[in-house]
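# Residue-level structure breakdown
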Amino acid sequence: MNSVGSINLSYFIVTIISLGTFFFICSFIPIEALKKEGTLLKDYDNLKKLVDDIKNGNLIDDKISLNDFKGSGAYQDADKNIQDCINLAAKIGHNLRDDELVHCFDDANYFKDKYPNVSAPQNKVPQRKSQAEQNVTQANVTQKVPEPETELKQSVPQTNASLNAPETNASLNAPETNASLNAPETNASLNAPETNASQEVSKGKIALNVTVAKDPITPGESQVVTAVASDPVTGKTLDHVFIKLTIKDPIGIILKNYTATEGSVTRSFKIGYNAVGKFTILATASQAGIESKRSLPFHVQ
């Protein structure tokens, strides 16, 4: 009996040691965010594509290593202001989150404005654009530069000939020129109703409409918010309008900030699994000194 008990105790100890070793080794294996199709985070060559996948809920990662992300094409493809914003976000939180990448893409000054006393670390990663410029075949370009000048020199006599051609004088004295200067169409275009309409719009207000895809919505689902800025006179969607969307949780904490410069904006974000209550969307549209604001609540239950 003592022999059987010793064997069972030995198996138990070996099992515990094996499991401990397994979890110890796994703790040192880096875990990278995976897209649904299996794409690694570092495989993204375009930051916009990465941000779109995060907004659509196709990629979620709350612990992104800045050093690993710097080696990706998405980071190197971004401009210096966005890179500084990402570096500052990583410095503040020690790791990057997927929503912080979205913040920096939508507003490069997001964390700089939020933490004015914290400076971003200097970026020492070589830029992909610089490498592309170094690979340009400058020799071929310079070799082809004289060719247009040669063609111009060869065509100079023809230009002089055309200047001396009698047809030129005839065209200069053509009565059609005077007719076109006095054409009634010019006065009509100055008094066109479209001009008056645009003047009325500039003095009016921006019609701003905000909608959500689901209300109420279940925790863990993706919510879609749409904001449309339109002309209150014609009802047409405006161009070159600055739109800002802010999403707050039930206690007033800002969860998302989106900005855009087109008249119709749609953004998607994922609701937390533990989030319950009334969320609020604050929207602002501004153009040429005119500003319009709207708020819309939706419920998570």
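Residues numbered from 1 in each chain as written. Predicted model: local features only at pLDDT ≥ 70, side-chain atom pairs only at ≥ 80, totals over all residues. Heavy atoms only, no water.

### Looking at helix 2 (residues 47-55)
Among all positions in helix 2, only L47, L50, V51, D53, I54 and K55 are buried. Contacts from the buried residues of helix 2 go to helix 3 (66-70), helix 4 (73-77), helix 5 (80-93), helix 6 (98-106), strand 4 (254-260) and strand 5 (264-270). Two or three places before K48, at the opening of helix 2, N46 has a side-chain oxygen 2.9 Å from that residue's backbone nitrogen. G57, located one to two residues past helix 2, shows a positive phi value of around 75°. (Buried < 20%, exposed > 50% of the residue type's maximum accessible area, 1.4 Å probe, protein only. Helix = DSSP H or I, 4+ residues; strand = E, 2+ residues; numbered from the N terminus. Contact = heavy atoms within 4.5 Å. Polar contact = N/O pair within 3.5 Å; in protein donor to acceptor, adjacent residues only side chain to side chain.)

### Comments concerning the layout of surface pockets
To locate leftover empty space, one rolls a probe as large as a water molecule over the atoms. In this structure, the largest pocket encloses a volume near 750 Å³. In this structure, the largest pocket is lined by 34 residues; those nearest its centre are D62, R97, D98, D99 and K256. For the lining of the largest pocket, the elements supplying multiple residues, two or more each, are helix 2, helix 5, helix 6, helix 7 (110-114), strand 4 and strand 5. Looking at which element gives the most residues to the lining of the largest pocket, the answer is helix 6, with five residues. Grouping the amino acids of the lining of the largest pocket by side-chain chemistry returns 18 nonpolar, six polar and 10 charged. (1 Å grid on protein atoms, 1.4 Å probe; cavity = no way out; pocket = protein on both sides within 12 Å on 5 of 7 lines; lining within 4 Å. Points joined across faces, edges and corners; volume = space filled by probe spheres on them. Nonpolar A, V, L, I, M, F, W, Y, C, P; charged D, E, K, R; others polar.)

### Quick notes on the pairing of strand 4
A large share of strand 4 lies buried, amounting to five of its seven residues. For strand 3 (residues 242-248) and strand 4, the ladder comprises six bridges, and the chain directions are antiparallel. Among the inter-strand pairings, I243 is bridged to a residue of strand 4, identified as A260. Counting the residues that bridge the hairpin from strand 3 to strand 4 gives five residues, and of these G252 lies at a positive phi of roughly 95°. (Pairing = 2+ DSSP bridges.)

By themselves, these figures tell us nothing about what the structure is for.
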